[in-house]
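Each chain, letter by letter, is given below.
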Amino acid sequence: MSVKKLVSTLFALAVIGGLLAACAAPTPTATAAPVVVTQIVAGTPQVEVVTATQAPTANPYNDNAPITVWIDQPRQPAIDAFIKANPQDASLIKTVIVDREQFPAKVLLFNNTNQGWPDVVFAEPRLVARVADAAHNFPLDLTGWVPADTIANYSAEANCTFDGKVYCLRNDLAQFVTYYNAPLMTQFGYTVPTTWEDYQALSDKLAKDHPGYYMGTFGDGWSVLSFFEASNCPTHQLVDASTLNINVADPKCTRAASLVDHMIANKTLYNTDFFNTQFDALISANKVLMFEGPAWMWGSFGGAKGDWFTTATHQLGVAAPFKWAADPAPVVAAMGGAAWTVSRHTVNPKLAVALITFVTEDKTLWTGSENFPSYKPIQSLWQQAVSSNPLFANDPFPIMQAAADEISPLDNWPRFDLISPLTQFAQDTYQKKLTVTANLSEITTLFTPLAQAEGYNVVSK
Amino acid sequence: MTNLSISVEDQSKKKVRLSSSHRLRNRRTGEAYSFLLPYILFMLAFGLGPGIYALIISFADYSSGLPRYFKAGIKNYLTVFKDSRLGFTFANIGKFLLISVPVGIALVVLLALLLHMRPGKVASTLRTLFFIPGAAVGPAVVLLVIFMLTPQVSPFGFLLNSLGLTSFNAIITPSSLAFIFLIMGFFSGAGMWIAIQYGALEGISPEVMEAATMDGCNEWQKALYIKLPLIRPYIIYQFILIFAGNVQLFVEPQLLGNQTYIHANVPLVWSPNQLAYSFAFDLGNFGAAAALALIMLAIGLGASYLMVRWTGFFKIEN
Amino acid sequence: MVTRWFNKNVRDIGILGSILRWAVLLIFLIYFVIPILWLIIAPSKDTPQFSSLPSLAFGSFAQYITAWKNVFSYQNGEVFLWFRNSFFYVLYSLLGSLAIGLPAGYALAIMRFPGRSLMLWLTLITMLLPTSALVLPLFMELNLVHLVNTPWAVILPACFFPFGVYLTYIYYTSSLPSELVDAARVDGASEFDVFLYIALPLAQPLLGLLAFISFNANWNNYFGPYVLLNDDKLFTLPVGIQTVLGSTSALQPGFNPTPGAIHFGYAEAAVAGLIMIVPVVIIFLLSQRYVVSGAFTGSVKG
């Protein structure tokens, strides 16, 4: 075919493409000039400063506008309960079951078409962190909408606070506690350690007296965090919204590393993630003496749907999480725990906020829940679910409640995923036959480009 | 089916056709395009249109979350080149292509030929059985990866242990990933291609096969010297499509890298398509995603061009 | 009798050849079938049994039924809705892609016209464009015509089926005798007549092949529907099931459970996988009639 034909065909295609682009693209609003909008809402003066190129929600709020709520399937009863308590709002609430891992990606798509955002989303704080940056610009600052003393009544609300702005309300917590096999502990005649140093000493004893028994596992990102975050090791410390401190040479890191090395060497640490079939088989066979796990994990041991213990009576002991002898109090990692966030684009924030405060605070809803609630006044309700459960060898509630307030500030994650690189770190350590201490720099190597790609300034102090 | 013999009269009619008038040629062109029109429209809407838009946004600045067209210059391309994961992903996909394309084609053709040596109920049943895994997606694949590759619980445990692979983490390592994806990909993709190649083999006329038998060929010779050359266009078709598909490898590394289900030593971004996805949906930088996509397109196109030119794939055989 | 067995099984292949042939076929049979067999057995086990029982051992029928019940009771049987959605989207996509692709592939194979080569190259280019880059443009395009979050957002893009056009192209180039076409042309038939009365009737085996390739690709397609559909009532099976797994504790038993939630474990995930597989197998078996013996017979002469 002739060159002329080729060129004219391509030109025609380009024109069509250009037309598509021009028609499809929303008109970008003024770029850098910040727009100050003063809204007086429900008696609370609120000044909202909107920067970036999003069209500010200049629409007056409409208390009768419908809202879309994105949840996962287990949260449906919570929404139903709200509707039952507020029947006049039944027609205004539309729930959609989503896979919340995809929520940040969908926000970007909606931003490009300037419509379609959900009003309320149930998501972990790390996902809220992902949508709080300039490109996503999703959450509404709740400080104008929820009274300050209410916000103060939520445990671990620090993970929902970004640069002073409260972008979500915590739903439940996943603080680590120490789980142990109570009959086995009695049989071996040991006492449950309270410090990491005692934990290490016990591992030596166990290795000598009863080889083939385990006291934990180290093989994926979560298990890495269970040791390192609990030591306040700054592998991902947010100095401020745009600065990340990665310093694996810090003594808080090296002490955790040598502990892990010691226990790998005396073969009391397994090498997989918590839910690996091999590790779970060991638990079922009563070969695991103890390990630190999140508050909700008791359900896996032998609760209503649990499968780890073959006999589910008085086997699961719960003790306080370990602390380092030198530290004043334990620092506790967390594995999950979600929150509720509201979109800044919503036209009915009143209803949205009413919904999220209800589902996190309502007594009836939380009675008997397997998750540990974040809202302090109802935490004692959870006690009813667990204290009489025959699975436990002792009452876990006081321990879990205390641990809820000890969650490490490092549970406030940066905007990139930590688990995958940390899993790689753990497995590489085994593969390269290094000690954890010797391989610590791999964390820096893995995290740094991820952080920089997200726009963080990476420091090491 | 109609008898397809060539008669002498047809030869002369051929001559008539060759000297058709200019007007007839134009009419043919018009008719050809009327056949193609719906396809062209859909191709523009769902193939080229988005592609051209991708070209345009590769020069757009996305730092504020929304596109500012033509403001980025070549910044997006620089972002792609400066990303530390670029070399890693391209090396990975290169290694993957090198093993998966030849092995995939060779094994598919081998199995199709072996089956076709004795066409009948058994071959038919086997073909169906080979095809079934192709329907396993998403949750099934995740389950299968967890349970087939953990020696303690796998039906293949004996085999894995005898190879010295005694744990899941020993099997899935960064250096074994290309091979693991090959195994996963072949498991789900081979059946369909075997069916296609078998169908092509079935199309070989019985007279040709009988002539070969009478010439004293055994089945192996028939397979190698008669069947194989005759299904050449389908093999080339398979090459191009497998190449195009494998260059865009996304699902398998994404499933394995998703630490929610499979806690394996797999980096979050392993293939270039994942890197583009990461630019788009982790960082919101659709411009860089588009830039990378176009780079991938250029490379894929280059390779396909060589293949097509070398084999004359697009010539009408007359 | 030995002669008969010999003629049937060993003639022209040889004893050694026969053994070799069967060994290879058997190895691959194991590779393809055992995992599927495992998947079929899986719903019969409860979670501890996945580790405690031998891998291919059957658990219990009661558990099998419970697993199926759990999956189908999710959100009041939403799985049925997704199944129905998938079925119709795929059906319409198939019809659309055939209506569009058959004439196009035919024209590219048989007719000479300016731009033919370009069309083939453009088709190839569209197949090489990575999906991740096309997502946003596609999304915005469909949003422009208000088709996002509607079934058309899934069906229309699927009607563009370059893979099928290529297959049609190959099929007609290698199996439609030019003599037939020329004869008809000379007889004064328009191209359309040739297509309708000669090419299309000969395309039966091609149709069978295209049907199950199109069905397979669209049935399993996750990325497109995931991006373009927000309402869970419109989901296709892959997207719906992925949402279920992502929003329950299915593949990570124990993670963040809630009371009253339906138990979703490995067994239910296996059921979800089987739901996806069974229809494809059925369609494959149905289209076998067209794709198998006699189908392409006589067409490939080389």
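Rules of the game
- Residues numbered from 1 in each chain as written.
- Chains lettered and ligands numbered in written order.
- Predicted model: local features only at pLDDT ≥ 70, side-chain atom pairs only at ≥ 80, totals over all residues.
- Helix = DSSP H or I, 4+ residues; strand = E, 2+ residues; numbered from the N terminus.
- Buried ≥ 20, exposed ≤ 12 C-beta atoms within 10 Å, placed from the backbone.
- Contact = placed C-beta atoms within 7 Å.
- Nonpolar A, V, L, I, M, F, W, Y, C, P; charged D, E, K, R; others polar.
- Pairing = 2+ DSSP bridges.
- Axes fitted to C-alpha atoms, helices over the stretch in contact; angles between N-to-C directions.
- Left-handed = near helix turned anticlockwise from the far one by under 90°.
- pLDDT = per-residue confidence, 0-100.
- Domains from an automatic or database assignment.
- Expected span 1.5 Å × (residues − 1).

1. A word on the overall build of chain C
Okay, so step 1: Broken down by element type, chain C carries 15 helices and zero strands.
Okay, so step 2: Counting across all 302 residues of chain C, residues that qualify as buried make up 55%.
Okay, so step 3: Partitioning the contacts of chain C with sequence separation of at least 6, the portion at a separation of at least 24 is 71%.

2. Digging into the interface of chain A and chain B
Okay, so step 1: Every contact between the two is made by 41 residues of chain A and, on the other side, 27 residues of chain B.
Okay, so step 2: Where the side of chain A that touches chain B is concerned, the elements lending two or more residues are α1 (3-24), α3 (103-113), α10 (277-284), α16 (419-431) and α18 (441-453) of chain A.
Okay, so step 3: In terms of residue class, the side of chain A that touches chain B is built from 17 nonpolar, 19 polar and five charged.

3. Considerations on the environment of W298 of chain A
Residues and elements named next belong to chain A.
Okay, so step 1: One can find W298 in helix α11 (residues 298-302).
Okay, so step 2: Residue classification places W298 among the buried positions, given that 25 C-beta atoms sit within 10 Å.
Okay, so step 3: With 36 residues separating them in the primary sequence, W298 and A334 have C-alpha atoms 14 Å apart.

4. Description of the sheet that holds strand β15 (residues 339-342) of chain A
Residues and elements named next belong to chain A.
Okay, so step 1: Taken together, the five strands give an open sheet; going across it, the order is β4-β3-β5-β15-β8, and neighbouring strands pair in mixed fashion. In this open sheet, the two strands that pair with only one neighbour each are β4 (93-97) and β8 (169-170).
Okay, so step 2: Contacts from helix α12 (residues 349-361) reach β3 (67-71), β5 (120-123), β8 and β15, with the element oriented near 175° to β15.

5. Observations regarding the packing of helix α4 (residues 85-116) of chain B against helix α9 (residues 177-202) of chain B
To characterise two packed helices, one gives the angle between the axes of the helices and the distance between these axes.
Residue and element names in this part refer to chain B.
Okay, so step 1: For the pair α4 and α9, interaxial distance at closest approach is 8 Å and the crossing angle is 35°. Two packed elements cross with a definite hand, and for α4 against α9 that hand is right-handed.
Okay, so step 2: Split by residue class, the contact of α4 with α9 holds 19 nonpolar, six polar and one charged.

6. Describing the sheet that holds strand β12 (residues 243-245) of chain A
All names here are of chain A.
Okay, so step 1: In spatial order, the strands read β11-β12-β17; together these three strands make up an open sheet with mixed pairing. In this open sheet, the two edge strands, each paired with only one partner strand, are β11 (237-240) and β17 (457-459). Put simply, the sheet's adjacent strands are angled 30° from each other on average, direction ignored.
Okay, so step 2: Judged from the three bridges that link them, β12 and β17 form a sheet pairing that is parallel. Across the sheet, the residue bridging to T243 is N457, located in β17.

7. Regarding the pairing of β11 of chain A
Each regular strand displays side chains that alternate between the two surfaces of the sheet.
Okay, so step 1: In this sheet, β12 of chain A lies alongside β11 of chain A in antiparallel orientation, the contact comprising three bridges. Pairing of D240 of chain A across the sheet is with T243 of chain A, part of β12 of chain A.

8. Re the interface of chain B and chain C
Quite often, the size of an interface is put as the accessible area lost when its parts meet.
Okay, so step 1: With 95 residues of chain B in contact, the opposing surface of chain C contributes 105 residues.
Okay, so step 2: Per-element accounting of the side of chain B that touches chain C gives the leading share, 18 residues, to helix α2 (residues 22-57) of chain B.
Okay, so step 3: Its residues placed into classes, the side of chain B that touches chain C shows 66 nonpolar, 20 polar and nine charged.

9. Some details on the confidence of the model for chain C
All names here are of chain C.
Okay, so step 1: Per-residue confidence for chain C gives a mean pLDDT of 81, with 87% of residues at or over 70.
Okay, so step 2: Confidence over residues 253-260 falls short of pLDDT 50; this stretch has 27 contacts with residues more than four positions distant or in other chains.
Okay, so step 3: For the stretch residues 293-302, pLDDT sits under 50, and the model shows 30 contacts to residues farther than four places along the chain or on other chains.
Okay, so step 4: Scoring the predicted complex yields pTM 0.80 and, for the interface, ipTM 0.82.

10. A closer look at the domain arrangement of chain C
Residue and element names in this part refer to chain C.
Okay, so step 1: Structurally, chain C comprises domain 1 (2-37 + 44-72) and domain 2 (77-291).
Okay, so step 2: At the junction of the two partners, domain 1 supplies 10 residues and domain 2 supplies 12 residues.
Okay, so step 3: At the level of elements, α3 (47-52) and α4 (61-73) are the ones that each hand at least two residues to the side of domain 1 that touches domain 2.
Okay, so step 4: For the side of domain 1 that touches domain 2, the element with the highest residue contribution is α4, accounting for six residues.
Okay, so step 5: The class makeup of the residues in the side of domain 1 that touches domain 2 is five nonpolar, three polar and two charged.

11. Re helix α12 (residues 232-247) of chain B
Okay, so step 1: If you check α12 of chain B, its first and last C-alpha atoms are 22 Å apart, about what 16 residues at 1.5 Å a residue would give, namely 22 Å.
Okay, so step 2: Turning to α12 of chain B, its buried residues number three or more, namely Y234, I235, Y237, Q238, I240, I242, F243, A244, N246 and V247 of chain B.
Okay, so step 3: If you follow the buried residues of α12 of chain B, they end up packed against α4, α9 and α15 (286-311) of chain B together with α6 (116-128) and α9 (162-175) of chain C.

12. What to know about the domain arrangement of chain A
All names here are of chain A.
Okay, so step 1: Segmenting chain A into domains produces domain 1 (35-170 + 336-366) and domain 2 (176-334 + 385-459).
Okay, so step 2: Each of domain 1 and domain 2 was reduced to a C-alpha centroid, and the two centroids are 32 Å apart.
Okay, so step 3: Listed by partner, the interface residues are 12 residues for domain 1 and 11 residues for domain 2.
Okay, so step 4: In terms of residues, the side of domain 1 that touches domain 2 owes the most to one element, helix α4 (residues 125-130), which gives three residues.
Okay, so step 5: When grouped by side-chain class, the residues that make up the side of domain 1 that touches domain 2 number four nonpolar, four polar and four charged.

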